[in-house]
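# What the coordinates show
One-letter residues, chain by chain:
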Amino acid sequence: MRCRAALLLALLLASPGAGSAAPGDGTDPALQAEMERLLALRTQDVPVFLAGVRSLEARPPPVTRAQREELQLLRAYRLSLEGRPGEAAAVAQALSDRAEAPALRLAAGSLAVNMLSNIRQFEEALRRLHRLLLEYDAAPAELRDALRSLWVTAAILYQEMGKAELTRHYAERVLEGQPSPRQACLAGYLKARADELAEVAREPDIGVLRGTCDAAGENGVWQGFIDGLEARHLRRLGRLDEAQRHLEARLAVADAVGYPLLAAELHALDAELLLALGDLARAEAQARAALSRAANAPTSLSAAMAEKVLFEVARQRGDDRAALSHLQAYVTAERALADEARIKDRAVQLVQHEMLQREQAFRLAEARHQAAILKARLARAEARNTLLALLSVLGLLAGAAAWAWSLRRDERRYRALSESDRLTGFANRAHFTRLVGEALLGGARRGEGIALVSFDLDHFKRINDEHGHLNGDAVLRAVSDAVRTLPAAARRRTVGRLGGEEFAVLLEGCSREAALEHAEACRRAIAGLAIPLDGGGEVRISASFGVATLAAGEAGLEGLLAAADRALYRAKHEGRNRIVALGPGELRDAA
């Protein structure tokens, strides 16, 4: 099951604060007490926190540098909670780089990581996180509390990336030490989320988790996320009515917290539960409530959940026009989420590759340094042991060459990973789109046309829901193997997996008739599959196809992709398991 805690969570904990300013000339004790009070309120009473920070910002600037920087940290938190993550990231990064107090630099760095993630700069967020983890790994005792908050930040970022093992790793590091009550609350929740991400059949101890958060005074945002965790767990157990009643009783609290993304997530989950229970009117009301709270995030998971509920409600009522409108909105949100998931996965791979390169470069430099030291020693003993010196130097040079070869091999491997889909072996969406653009240019030079065949597996979600994701992956592999073994039907054929159950075939130097024949061959091959299930039995599947062709010099990349999508959706609308091709006039309209 998919569920995503919003990245803004981490700013609510980023650190226990920069600590009290040391008494001395210019320090304002009353101001210091007020800033510490507001820092504690940022998760417990968001409206009071925002009003308090604005009031402090309206006063003349503090006299001391330490208090001015602490007020800047509060300003960054305020910008975050006001939905201005780009501005918050800029303030937090500047503080992290130049603040006087190490604890404040660490707190600001944690916040910067989260705000960079919030504005979808995932690669930079991961790079900054890794730099912080390396810099403060051996932090002195007075920074251990701030370091534990950095580990919580790491756990939140990795759960946003869908990396269950790393989420659990950093949550457990927090819990193994001496966490503050707030850190124990957050780490306990993230550990339960890691189990949920990994689909581990372990029942979360909701009572203990709530007690921990209550003891920390976390009665707002984090209790809302625990409410969602409990409702999803009850749904997995089939206790839909109990899950819905529990969630409905907590919605007013979630709305009062003043965090729209959390409220949108809970309203959307309630809408799904009401739909499953057959209460269409209330399901529609909750879905619309979710959309109103996610108005600034129309492609968020909450918006996708709500649009899907509204589509099902309209479909069951026979309102085809409304159903189509909500289906289009749902597909748009789902595609945006799939694209974001691919961007996150690529960011993790690239940053891990950079870390590997740095490690290899360090080892290679160390090997060369040791070689230089040894060479100098051997030079002094050359008269006594010339042969031994030569052999040692050659061995070290061979080691350096081996490291260089290993680095080049890893670069090739990561390049291949970044261009292909790991489940099917086909080109991923980004690489496939580049190939289509190159094919258009090449076709124009050679004076030959190209064809694009898009296809989507019919009712694939039903297979995932009824038989599990492992069987769903088996179906995707079987379909890809069936398509891969078909004759190319063109001068060059490239197959891509665009996301989920959506595929496309690029045929270079191919006529419209040949493209239709190839699409029919794919359709028959897929329809003829009988795929064994892990738990016994077998499943069959069909696919809907959209075909678009271009003569040399016609249209462009966006026009061709849009035309194939339009034909595919028409095939879906006309009953699935069929092929629809756009004619020349329709292709121009699509472009």
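Just above sits the structure.
Residues numbered from 1 in each chain as written. Predicted model: local features only at pLDDT ≥ 70, side-chain atom pairs only at ≥ 80, totals over all residues. Heavy atoms only, no water.

## Examining the packing of helix α12 (residues 240-257) against helix α13 (residues 260-276)
Following both chains from N to C, one finds α12 and α13 inclined at 150°, their axes separated by 9 Å at the closest point. Between α12 and α13, the angle falls in the class roughly antiparallel. Here α12 runs over α13; the crossing is left-handed. Seen from α12, the contacting residues are Leu 240, Ala 243, Gln 244, Leu 247, Glu 248, Leu 251, Ala 254 and Asp 255; seen from α13, they are Ala 263, Leu 266, His 267, Leu 269, Asp 270, Leu 273, Leu 274 and Ala 276. Tallied by class, the residues present in the contact of α12 with α13 amount to 11 nonpolar, 2 polar and 3 charged. (Axes fitted to C-alpha atoms, helices over the stretch in contact; angles between N-to-C directions. Helix = DSSP H or I, 4+ residues; strand = E, 2+ residues; numbered from the N terminus. Parallel < 35°, antiparallel > 145°, perpendicular 65-115°, else oblique. Left-handed = near helix turned anticlockwise from the far one by under 90°. Contact = heavy atoms within 4.5 Å. Nonpolar A, V, L, I, M, F, W, Y, C, P; charged D, E, K, R; others polar.)

## Considering the state of the cysteines
Scanning the entire structure with this criterion turns up 1 disulfide. Across a sulfur-sulfur distance of 2.0 Å, Cys 185 and Cys 213 are joined as a disulfide pair. The disulfide joining Cys 185 to Cys 213 has a torsion of about 90° about its S-S bond and is therefore right-handed. Pair noted here: Cys 185 is in helix α9 (residues 181-197) and Cys 213 is in helix α10 (residues 206-215), with a separation of 28 residues, a long-range link. (Disulfide = S-S within 2.5 Å.)

## Quick word on the sheet that holds strand β6 (residues 543-550)
Read across the open sheet, the 5 strands follow the order β2-β3-β1-β6-β7; overall the sheet is mixed. Among the strands making up the open sheet, the edge pair consists of β2 (492-499) and β7 (579-581). For this sheet the average axis-to-axis angle between neighbouring strands, irrespective of direction, equals 20°. The sheet contacts of helix α18 (residues 429-446) involve β1 (450-457), β2, β3 (502-508) and β6, and relative to β3 the element is tilted by about 20°. Sheet strands in contact with helix α22 (residues 557-573) are β1, β3, β6 and β7, and its direction is about 145° off that of β6. (Pairing = 2+ DSSP bridges.)

## Some remarks on the packing of aromatic side chains
Counted according to the given criterion, the structure contains 5 aromatic pairs. Ring geometry for Tyr 158 against Tyr 170: centres 6.1 Å apart, planes inclined by 5°, an arrangement best described as stacked. With Tyr 158 in helix α7 (residues 144-160) and Tyr 170 in helix α8 (residues 164-176), this pair connects stretches of sequence that are 12 residues apart. With relative accessibility at 5%, the residue Tyr 158 sits in the buried group. Centre to centre, the rings of Phe 426 and Phe 503 are 6.3 Å apart; their planes meet at 85°, and the pair counts as edge-to-face. A residue pair is termed long-range when its members are at least 10 positions apart, and Phe 426 in the loop between α17 (382-419) and α18 and Phe 503 in strand β3 qualify at 77 residues. Take Phe 426: its relative accessible area is 6%, and that puts it in the buried class. What makes Phe 503 buried here is its relative accessible area of 0%. Feature note: the residues Phe 426, Phe 455, Phe 503 and Phe 545 constitute an aromatic cluster, connected by ring pairs. (Phe/Tyr/Trp six-rings, centres within 6.5 Å; stacked < 30°, edge-to-face > 60°. Buried < 20%, exposed > 50% of the residue type's maximum accessible area, 1.4 Å probe, protein only.)

## Comments concerning the pattern of salt bridges
In the structure shown here, the tally under the stated rule is 52 salt bridges. For Asp 227, the salt bridge identified is with Arg 250, shortest N-O distance 2.7 Å. Here Asp 227 is found in helix α11 (residues 221-236), whereas its partner Arg 250 is found in helix α12, with 23 residues between them in sequence. On the basis of relative accessible area, Arg 250 is assigned to the partly exposed category, the value being 24%. Across the salt bridge formed by Arg 523 and Glu 520, the nearest N and O atoms sit 2.8 Å from each other. With a gap of 3 residues between them, Arg 523 and Glu 520 both fall in helix α21 (residues 512-527), about one helical turn apart. With a relative accessible area of 17%, Arg 523 lands in the buried category. (Salt bridge = Lys/Arg side-chain N within 4 Å of Asp/Glu carboxyl O.)

## Focus: the nonpolar core
The tendency in soluble globular proteins is for nonpolar side chains to be buried side by side. Counting 103 residues, the largest nonpolar core has Phe 49, Leu 74, Leu 126, Leu 129 and Tyr 189 as its most contacted members. Beyond its immediate stretch of four places on either side in the chain, Leu 129 contacts Val 113, Leu 150, Ala 154, Leu 157 and Tyr 158. Leu 457, Ala 514, Leu 529 and Ala 543 belong to the second-largest nonpolar core, a separate cluster that totals 33 residues. (Core = buried A, V, L, I, M, F, W, Y, C linked by side-chain atoms within 4.5 Å.)

On their own, these measurements won't tell you what the molecule is for.
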